[in-house]
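# Summary of structural features
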Amino acid sequence: MTETSTTASGTGGISSEQQAVEQQLVETVIASFDKAEDPRLKQLMQSLTKHLHNFIREVRLTEDEWNKGIEFLTAAGHITDDKRQEFILLSDVLGASMQTIAVNNEAVKQTLDATEATVFGPFFTEDAPEIPIGGDIAGGAAGQPCWVEGTVKDTSGNPVPNARIEVWEADDDGFYDVQYTDGRVAGRAHLYSDEDGHYSFWGLTPTPYPIPHDGPVGKMLEAVGRSPVRASHLHFMVTAQNLRTLVTHIFVEGDPQIEIGDSVFGVKDSLIKTFDQQPAGTPTPDGRDLAAQAWARTRFDIVLAPAEA
Ligand code: BEZ
Ligand code: FE
């Protein structure tokens, strides 16, 4: 089908009279947006109409199925509030979030070789504490200590001093602090790169955990035999003057969930990092005394694209 065509595919076996009725409706609805003043809004609404009608016609949607779809969206609305966003979750599990990121970041990886982006997820908060370089983000969260270090550079290879690095992650039980009801702040912090663009901090070795699956999206995943589990990851958001803000994660090489599949399709090969296990007693980079505890270390060198990329 061409970009401008509105004819439905998959209508074989449907009489030409019936096809004409259906086609007439699509064209009438598309034309109803002709007078929209904003050309981009007009394009979005007309294209949405075309694809939605094409879907309905292609699958020969029953009225019962249409009702179930409306019930699903209604339930998603009811469970959504300022803490829970079921529609973003739906976008995530349909791959729509990652597709939007792909569409908007073509140059970042292909041309500029900057660090790739991935989904934001629902668990970022604005008010994470500041830590010094080498500080600890755990704030009492359970998990294996993990030393994370790297540099922030621009695409010409210049170090980026004073980049704001936000990091957040789930604890060993698979929960973010905001999922507990006791108001704790744990497993999150922000820090700034030094004059050479270096940063380091103590985090927790990431472990797999499920996206919130007690609502309509979780029910849908169950009905289609899909797992809600995400590959183990540590979130980053990096901002610096005149450079493009990077929202991404790093994933753990060897995590079986990468092969099984990440429930929101967020894994990119360039973001899979080695997390080297260090046996108990191995000296730590900053002299921290971890007593008899094993720990891990990883490196994530970040390249930020220009702001206009
Ligand atoms: C997360 O990374 O925590 C997440 C991402 C997308 C949907 C739900 C959770
Ligand atoms: Fe996450």
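Residues numbered from 1 in each chain as written. Chains lettered and ligands numbered in written order. Predicted model: local features only at pLDDT ≥ 70, side-chain atom pairs only at ≥ 80, totals over all residues. Heavy atoms only, no water.

## Regarding the site of ligand 1
Quick note on the threshold: Each residue is tested against the molecule or strand, and it is near if at least one of its non-hydrogen atoms lies within 4 Å. Polar contacts here mean pairs of N or O atoms no more than 3.5 Å apart (in protein, one a potential hydrogen donor and the other a potential acceptor; neighbouring residues in sequence count only if both atoms are side-chain atoms). Areas reported as accessible are Shrake-Rupley estimates using a 1.4 Å probe. Residue values count occlusion only from the protein chains shown.
Inspection of the region around ligand 1 gives Leu 89, Asp 92, Gly 121, Pro 122, Phe 123, Tyr 176, Tyr 209, Ile 211, Arg 230, His 233, His 235 and Val 264 as its neighbouring residues. Tyr 209 places a side-chain nitrogen or oxygen 2.4 Å from an oxygen atom of ligand 1. At a separation of 2.7 Å, an oxygen atom of ligand 1 approaches a polar side-chain atom of Arg 230. When ligand 1 sits alone it has 260 Å² of accessible area, and the protein chains cover 100% of it.

## Here we look at the sheet that holds strand 8 (residues 246–252)
Put simply, the rule is: At least two bridges found by DSSP between two strands is the condition for calling them paired. Every helix listed is a DSSP run of H or I at least four residues long, and every strand listed is a run of E at least two residues long, numbered separately from the N terminus.
Strand order in the open sheet made by the 5 strands is 3-2-7-8-9, with mixed pairing throughout. Where the open sheet ends on each side, the last strands, each with one partner, are strand 3 (188–192) and strand 9 (272–273). In this structure, strand 2 (residues 164–168) lies alongside strand 3, joined through 5 bridges in antiparallel fashion. Bridge pairing in strand 3 links Arg 164 to Tyr 192.

## Here's the deal with the coordination of the iron ion (ligand 2)
Here is the rule: In this listing, donors mean N, O and S atoms no farther than 2.8 Å from the metal, or 3.2 Å for Na, K and Ca; water is missing from the atoms, so a site can look incomplete. Any residue under 20% of the maximum accessible area for its type is buried, any over 50% is exposed, and the rest in between are partly exposed; the area is computed with a 1.4 Å probe on protein chains only.
Around the iron ion (ligand 2), the protein contributes the donor atoms Tyr 176 (OH), Tyr 209 (OH), His 233 (NE2) and His 235 (NE2), at 1.9 to 2.1 Å from the metal centre. Of note, the iron ion (ligand 2) draws all its donor residues from one chain, in the sequence arrangement Y-x32-Y-x23-H-x1-H. Placement of the pair is Tyr 176 in the loop between strand 2 and strand 3 and His 235 in strand 7 (residues 233–239), with a sequence separation of 59 residues. Taking relative accessible area as the criterion, Tyr 176 reaches 0% and is therefore assigned buried.

## Considering a nonpolar patch on the surface
Inclusion rule: Patch membership requires more than 30% relative accessible area and the absence of a salt bridge. Residues of like charge join within 9 Å; the nonpolar side chains Val, Leu, Ile, Met, Phe, Trp and Tyr join within 5 Å. Salt bridges are defined as contacts in which a side-chain nitrogen from Lys or Arg sits within 4 Å of a carboxyl oxygen from Asp or Glu.
Taken together, the side chains of Leu 52, Phe 55, Ile 56 and Val 59 present a nonpolar region at the surface, about 340 Å² in accessible area. Along the chain, Phe 55 falls in helix 2 (residues 39–59). Among the residues examined, Phe 55 registers a relative accessible area of 45% and is labelled partly exposed.

## Points about helix 4 (residues 86–93)
Every α-helical turn comprises 3.6 residues, leaving residues that sit three or four positions apart pointing alike. What counts here: Here, the arc refers to the directions that run from the helix axis to the C-beta atoms. We call two residues in contact whenever any of their non-hydrogen atoms come within 4.5 Å of each other.
When we look at burial in helix 4, the residues that qualify are Glu 86, Leu 89, Leu 90, Asp 92 and Val 93. Within helix 4, the buried residues cover an arc of 160° as seen down the axis, which keeps them to one side. Of the surrounding secondary structure, the elements contacted by the buried residues of helix 4 are helix 3 (63–79), helix 5 (96–104) and helix 7 (216–223). Positive phi shows up at Gly 95, right after helix 4, with a value of about 75°.

## Describing helix 7
Inspection of helix 7 places Pro 216, Val 217, Gly 218 and Leu 221 among the buried residues, and these make up the whole buried set. Positive phi shows up at Gly 225, right after helix 7, with a value of about 75°.

## Things to note about the packing of aromatic side chains
Keep this limit in mind: Two rings from Phe, Tyr or Trp (for Trp, the six-membered ring) form a pair when their centres are within 6.5 Å of each other. A pair whose planes differ by under 30 degrees is stacked, one over 60 is edge-to-face, and the rest are tilted. Criterion for a charge above a ring: Arg CZ or Lys NZ at most 6 Å from the ring centre, at most 35 degrees from the ring normal.
Tallying each qualifying case throughout the model produces 12 aromatic pairs. With centroids separated by 5.4 Å and ring planes inclined at 40°, the aromatic side chains of Phe 120 and Phe 124 adopt a geometry described as tilted. Its relative accessible area of 36% is what places Phe 120 among the partly exposed residues. In this structure an aromatic cluster arises from ring pairing among Tyr 199, Phe 201, Phe 236 and Phe 300. Across from the ring centre of Trp 202, 4.8 Å away, lies the NZ or CZ of Arg 288, which sits over that ring.

## Things to note about the nonpolar core
Note the following rule: For the purposes of this section, nonpolar cores are sets of buried Ala, Val, Leu, Ile, Met, Phe, Trp, Tyr and Cys residues that join through side-chain atoms within 4.5 Å.
Among the nonpolar cores identified, the biggest contains 40 residues, and Val 152, Tyr 199, Phe 201, Phe 236, Val 238 and Ile 302 are the most heavily contacted of them. Not counting residues within four places of it along the chain, the set of residues in contact with Ile 302 comprises Thr 115, Thr 151, Val 152, Lys 153, Tyr 199, Phe 236, Val 238 and Leu 246. Formed by 8 residues, the second largest nonpolar core is a distinct cluster that contains Phe 124, Tyr 176, Tyr 209 and Val 247.

## What to know about the pairing of strand 2
Counting buried positions over the 5 residues of strand 2 gives 4, a clear majority of the element. As paired elements, strand 2 and strand 7 share 5 bridges and run antiparallel to each other. Bridging from a neighbouring strand, Ile 165 pairs with Val 238 of strand 7.

## Looking at the packing of helix 3 against helix 4
The line we're drawing: Inter-axis angles, ranging from 0 to 180 degrees, are taken between N-to-C directions of lines fitted to C-alpha atoms, where helices are fitted over the stretch in contact. Note that the term roughly parallel is reserved for angles under 35 degrees, roughly antiparallel for angles over 145, roughly perpendicular for angles of 65 to 115, and oblique for everything else. Each residue is assigned to one of three groups, with Ala, Val, Leu, Ile, Met, Phe, Trp, Tyr, Cys and Pro labelled nonpolar, Asp, Glu, Lys and Arg labelled charged, and all others, Gly among them, labelled polar.
In the contact formed by helix 3 and helix 4, the axes pass within 8 Å of each other and the chain directions differ by 125°. Regarding the angle of helix 3 to helix 4, the classification is oblique. Contacts from Phe 72, Leu 73, Ala 76, Gly 77 and Ile 79 in helix 3 reach Glu 86, Phe 87 and Leu 90 in helix 4. Of the residues that constitute the contact of helix 3 with helix 4, the class distribution is 6 nonpolar, 1 polar and 1 charged.

## Points about unusual backbone geometry
The phi angle at Asp 113 is positive, at roughly 60°, despite the residue not being glycine. Tracing the sequence through the fold places Asp 113 in the loop between helix 6 (106–110) and strand 1 (145–154). We note that Asn 162 has phi near 65°; this positive angle belongs to a residue other than glycine. Secondary-structure assignment places Asn 162 in the loop between strand 1 and strand 2.

## Structural notes on the environment of Thr 125
Mapped onto the elements of the fold, Thr 125 is located in the loop between helix 6 and strand 1. Residue Thr 125 is classed as buried on the basis of its relative accessible area of 17%. Considering only alpha carbons, one finds Thr 125 and Ala 189, 64 residues apart in sequence, at a separation of 9.6 Å. Residues within four places of Thr 125 in sequence aside, it is in contact with Val 178 and Arg 188.

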